[in-house]
Amino acid sequence: MNNFELLLYFVCFASIGGAAFAMMWSNIQSINIEMRTPPKPRHPEAPKVGEEVMYVDISREKLERIYDKE
């Protein structure tokens with residue numbers, strides 16, 4: 001390896017290390033900001049804990065049975 005390749009290697013290594021540190025730092029800062037803000041209120045029509053919710057089952061087997069009847 002000549003000196004230029006060695007310099008290029010360390011420049012790339014330092015830039016990747018700096019980018020990784022910057023990304024970790026920004027993630028930690030955003031987590032701290034998120035922890036300081038109060039939680040958002042739930043939607044008034046959202047189901048309460050333990051409350052049953054009506055839903056439509058559109059699994060493949062049920063749809064095939066529906067189309068076979070026609």
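What comes next is a walk through the structure. On a predicted model such as this, the values are computed, not experimentally measured, just so you know. Within each chain, residue numbers correspond to sequence positions counted from 1 in written order. In keeping with the predicted nature of the model, local features appear solely for residues at pLDDT of at least 70, side-chain atom pairs appear and are counted solely at 80 or more, and the whole-chain, interface and lining totals rest on all residues. Processing note: side-chain calculations cover all non-hydrogen atoms of the structure and skip hydrogens and water entirely.

1. Some words on the overall build of the protein
Only DSSP runs of H or I reaching four residues or more are called helices, and only runs of E reaching two or more are called strands; each is numbered from the N terminus. Within the protein one finds two helices and zero strands. Radius of gyration (C-alpha) of the protein: 28 Å, far over the 11 Å computed for a compact globule of 70 residues. Each of the three principal axes of the protein carries a C-alpha extent, and together these read 75 × 40 × 15 Å. In this scheme, a residue with accessible area under 20% of its type's maximum is buried, one over 50% is exposed, and one in between is partly exposed, where area comes from a 1.4 Å probe on protein chains only. When the 70 residues of the protein are sorted by exposure, 1% land in the buried category. Note that accessible areas follow from Shrake-Rupley with a 1.4 Å probe, and for residues the cover is restricted to the protein chains shown. If you sum the accessible surface of the protein, you get close to 7500 Å²; carbon and sulfur atoms cover 66% of it. In this charge count, Lys and Arg are treated as positive and Asp and Glu as negative; neither His nor the chain ends contribute. Just so you know, the charge point we use is NZ for Lys, CZ for Arg, CG for Asp and CD for Glu. One way to put it: in the protein the 8 positive side-chain charges average out to a point 6 Å from where the 10 negative ones average out. Our radius of gyration looks at C-alpha atoms and nothing else; its globule reference is 2.2 Å times the residue count to the power 0.38.

2. Things to note about the packing of aromatic side chains
Only Phe, Tyr and Trp rings are paired, with Trp represented by its six-membered ring, and only when their centres lie within 6.5 Å; those with planes under 30 degrees apart are stacked, over 60 edge-to-face, the remainder tilted. Evaluation of the coordinates by the stated rule reveals three aromatic pairs. With 5.4 Å between their ring centres and 75 degrees between their planes, Tyr 9 and Phe 10 make a pair best called edge-to-face. A relative accessible area of 47% places Tyr 9 in the partly exposed class. Three or more aromatic residues joined by ring pairs form one cluster here, namely Tyr 9, Phe 10 and Phe 13.

3. Observations concerning a nonpolar patch on the surface
Each patch is assembled from residues with relative accessible area greater than 30% and no salt bridge, linking like charges that lie within 9 Å and nonpolar side chains (Val, Leu, Ile, Met, Phe, Trp, Tyr) that lie within 5 Å. Should a side-chain nitrogen of Lys or Arg be within 4 Å of a carboxyl oxygen of Asp or Glu, the pair is scored as a salt bridge. Nonpolar side chains collect at one region of the surface, where Met 1, Leu 6, Tyr 9, Phe 10 and Phe 13 lie side by side and expose about 620 Å² of accessible area between them. One can find Phe 13 in helix 1 (residues 3-36).

So yeah, pure geometry; function would need other evidence.
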